[in-house]
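Observations on the three-dimensional arrangement
Read off the chains here:
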Amino acid sequence: MKHLVVDHQVKDYTSWRKEFDKDDETRKKFNVRIENILRDKNDKNHITVVAGISDYEAAQKFINSPELKMTMEKAGVIGQPQIQLCEDC
């Protein structure tokens, strides 16, 4: 199984979550399936999203898409997200 892991800081989790939930069509377009959303125990605005992906090429297109950039801006992502492409071992 292949995964996309995005770790980022947001201004406000509730605002971020509203924008995140609205962006389901973009994720479907790139075959990105959300598996888990994690919040840091001590900082509720530090979010990690784990998604299943079909292939690395489609995931890279998603990562570089203007749709994702726009959603992150609207959602209040602070700084540069840490993005990893991973696989089960």
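Above this text is the structure in question.
Now for a look at the structure at hand. (Residues numbered from 1 in each chain as written. Predicted model: local features only at pLDDT ≥ 70, side-chain atom pairs only at ≥ 80, totals over all residues. Heavy atoms only, no water.)

**Observations concerning the pattern of salt bridges**
Applying the stated criterion to the full structure yields 7 salt bridges. The closest approach of N and O atoms between K22 and E19, which form a salt bridge, is 3.2 Å. With K22 and E19 both in helix α1 (residues 13–22) and 3 residues apart, this pair spans about one turn of that helix. Taking the relative accessible area as the measure of exposure, K22 reaches 61% and is therefore exposed. The residue E57 makes a salt bridge to K61 at a minimum N-O spacing of 3.6 Å. Pair noted here: E57 and K61 are both in helix α3 (residues 56–63), with a separation of 4 residues, about one helical turn. We classify E57 as exposed; its relative accessible area is 55%. Three or more residues are tied together by salt bridges with common partners; here these are D24, E25, R27 and K28. (Salt bridge = Lys/Arg side-chain N within 4 Å of Asp/Glu carboxyl O. Helix = DSSP H or I, 4+ residues; strand = E, 2+ residues; numbered from the N terminus. Buried < 20%, exposed > 50% of the residue type's maximum accessible area, 1.4 Å probe, protein only.)

**Brief notes about the environment of F20**
In this structure, F20 sits in helix α1. With relative accessibility at 11%, the residue F20 sits in the buried group. With 65 residues separating them in the primary sequence, F20 and L85 have C-alpha atoms 20 Å apart. Setting aside its immediate chain neighbours within four residues, F20 contacts R27, I34, I37 and V49. (Contact = heavy atoms within 4.5 Å.)

**Concerning the pairing of strand β2 (residues 32–39)**
By the bridge criterion, 7 bridges tie β2 to strand β3 (residues 46–53) in an arrangement that is antiparallel. Its bridge partner lying in β3, I34 is registered against A51. Connecting β2 to the next strand, β3, in antiparallel fashion are 6 residues. (Pairing = 2+ DSSP bridges.)

**Examining the sheet that holds strand β1 (residues 2–10)**
Spatially, the 4 strands line up as an open sheet ordered β2-β3-β1-β4, and their pairing is antiparallel. In this open sheet, the two strands that pair with only one neighbour each are β2 and β4 (77–87). Strand-to-strand twist of the sheet, defined as the mean angle between neighbouring strand axes without regard to direction, takes the value 20°. Alignment of β1 against β3, held across 8 bridges, turns out to be antiparallel. When the sheet's bridge partners are listed, L4 is paired in β3 with A51. Strand contacts of α3: β1, β2, β3 and β4, with the helix running at about 175° to β4, the strand carrying the most contacts. (Axes fitted to C-alpha atoms, helices over the stretch in contact; angles between N-to-C directions.)

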